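Observations on the three-dimensional arrangement
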Amino acid sequence: MSSRTFDRHGLESGAVLKDAIVEYETWGTLNEAGTNAIVVCHALTGDAHADDWWEHLIGPGRPIDTDRYFVVCANTIGSPYGTASPLSLNPDTGERYGATFPQATVRDTVRLHHRLLWSLGVRRVAAVVGGSMGGMQVLEWAVSGSFVQTIVPIAVGGRHSPWQIGWSEAQRQAIMADPNWNGGQYTDDARPSRGLSAARMMAMVSYRSRGSFEQRFGRRLQSNNGSSSADAAPFEVESYLRYQGRKLDDRFDANCYVHLTRQMDSHDISRGRGAYEDVLASIEQPALVIGISSDVLYPVEEQEELASLLPNASLHVVDSPHGHDGFLIEQDAIAEVLHPWLETHSRPSAQGASTFSVEANVSSVPRAPLSKSSTSGS
Ligand SMILES: CC(=O)SCCNC(=O)CCNC(=O)[C@H](O)C(C)(C)COP(=O)(O)OP(=O)(O)OC[C@H]1O[C@@H](n2cnc3c(N)ncnc32)[C@H](O)[C@@H]1OP(=O)(O)O
Ligand SMILES: N[C@@H](CCO)C(=O)O
């Protein structure tokens, strides 16, 4: 794992992140022209260890072939896994930001990742691939025009819908209802664990499907369902969801969760750029749009819309009972379409771009001041 720090990173809101650290992992070797990079973008609770959560897709001889490509996965702004977030120290106060961490957008994250890539010597990106929140980043990358050759957005639409914002808000309210929340100013000793767990339980229902729960749990009862108190969890599905809630609470942070769900809610590829249809029509790269047949959160209609509005898109729907999480679970089915797509569309070009901008077509977004950067490896 490596990190790089940019001394200033301007956000869409006008706020400036000082000492904006970005944590990232790379595999493979960058070619001399700087044109064989593949960017992998992670989802809400994922991290930069992309070969862990997409192990069938990334590696030697796999579709994202680390023998041929320089593969980069960078952690997003707001995530608890290393990049600038509510867990970072505010250089102005020396204290952890917590709830005072400035709100970033998907676009702010992608601009930071662009700067990282450029500083690593990447001069053209052969492909950008990601699902869910990662897919939102993929679409933002596409706006940088010829800097990116091909895109593969998975289980995502062009803007967060009221349905998705509704799920996010219900989860945030579960966190905020926790007595330890305290406006986000909680301590390590008294974290809003119950709220974060409840938020994850809600999210897990939206990430799976009626069919997969029916198949996995039915109406089966837990053999050791404990007491007959109001807190008892007689059904297996209840125990499963509680377990998933605790598991996320053990590895995540409530302020980061609130921040990242708001970041996803900001997702609208057309914000400040013109009419939605026109902005998608201006994305000229070949696009492989992938959906999961049983996804109730980012339903296939959204990928159909993307594929119809992007001028050079192909649509592939993975037939799966696993719902939205299919983009993490159905790796072999994704590999079947991703492999030939990348073979055809992501051959590294001989020459890179002389400059880059993720803000092409943007009229109203403040630019980040360019600044010096420092690097550290670990
Ligand atoms: C730093 C980090 O760790 S980040 C890790 C990377 N994470 C990510 O990238 C986020 C995305 N990943 C995910 O969301 C998930 O890991 C997925 C979608 C890939 C797979 O989900 P999983 O939780 O592994 O699978 P699944 O839904 O089958 O649940 C299995 C777990 O539930 C438990 N479980 C199953 N049924 C029950 C039940 N009735 N009661 C209690 N627990 C149950 C299993 O024992 C298993 O536990 P384990 O995770 O400790 O092995
Ligand atoms: N399981 C995924 C779903 C969000 O896309 C995650 O936790 O990141």
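None of the values given here were measured: they were computed from a predicted structure.

Our focus in this paragraph is the domain arrangement of the chain. How big an interface is tends to be stated in terms of the accessible area lost upon association of its parts. Here the domain parsing of the chain yields domain 1 (2-161 + 269-346) and domain 2 (165-261). Computed over C-alpha atoms only, the centres of domain 1 and domain 2 are separated by 26 Å. Facing the 31 residues of domain 1 at the interface are 25 residues of domain 2. At the boundary of domain 1 with domain 2, total buried surface from both sides reaches about 2200 Å², with 57% on carbon and sulfur atoms. The largest contributions to the domain 1 side of the interface with domain 2 come from Leu44, Thr45 and Leu297, which together make up 24% of the buried area. Applying the counting rule to domain 1 against domain 2 returns 2 salt bridges. Linking domain 1 with domain 2 are 9 residue pairs in polar contact (both at pLDDT 80 or more), by the criterion used here. Across the side of domain 1 that touches domain 2, the residue classes tally to 15 nonpolar, 14 polar and 2 charged.

As a matter of local geometry, ligand 1 sits amid 18 residues, with Arg208, Ser239, Tyr240, Tyr243 and Lys247 nearest to it. A distance of 3.0 Å separates an oxygen atom of ligand 1 from a polar atom in the side chain of Arg216. Lys247 is positioned with one of its side-chain polar atoms (N or O) 2.4 Å from an oxygen atom of ligand 1. Residue contributions to the shell around ligand 1 peak at 7 residues, all from helix H7 (residues 236-251). Here the shell around ligand 1 is built from residues that sort into 5 nonpolar, 5 polar and 8 charged. The residue makeup of the shell around ligand 1 includes at least three contributed by each of domain 1 (2-161 + 269-346) and domain 2 (165-261).

As a further point, take helix H2 (residues 106-119). The end-to-end C-alpha separation of H2 is 20 Å, in line with the 20 Å expected for 14 residues at 1.5 Å each. Counting buried positions over the 14 residues of H2 gives 12, a clear majority of the element. Along H2, the positions that sit buried rather than exposed are Val106, Arg107, Asp108, Thr109, Val110, Arg111, Leu112, His113, His114, Arg115, Leu116 and Leu117. Count one or two residues on from H2 and you reach Gly121, which has phi positive near 100°.

Take helix H10 (residues 300-309) next. Buried within H10 we find Val300, Glu302, Gln303, Leu306 and Ala307. The buried residues of H10 occupy an angular sector of 155° when the element is viewed end-on, so they sit on one face. Within H10, the exposed residues directed more than 90 degrees away from the buried face are Glu301 and Ser308. Where the residues of H10 are buried, they touch helix H3 (133-142), helix H4 (162-176), helix H9 (276-281), strand S9 (287-292) and strand S10 (313-318).

Here is what the cut-offs are and how they apply
Residues numbered from 1 in each chain as written. Chains lettered and ligands numbered in written order. Predicted model: local features only at pLDDT ≥ 70, side-chain atom pairs only at ≥ 80, totals over all residues. Heavy atoms only, no water. Domains from an automatic or database assignment. Contact = heavy atoms within 4.5 Å. Buried area = accessible area lost by both parts, 1.4 Å probe. Salt bridge = Lys/Arg side-chain N within 4 Å of Asp/Glu carboxyl O. Polar contact = N/O pair within 3.5 Å; in protein donor to acceptor, adjacent residues only side chain to side chain. Nonpolar A, V, L, I, M, F, W, Y, C, P; charged D, E, K, R; others polar. Near = heavy atom within 4 Å. Helix = DSSP H or I, 4+ residues; strand = E, 2+ residues; numbered from the N terminus. Expected span 1.5 Å × (residues − 1). Buried < 20%, exposed > 50% of the residue type's maximum accessible area, 1.4 Å probe, protein only. Arc of directions from axis to C-beta.

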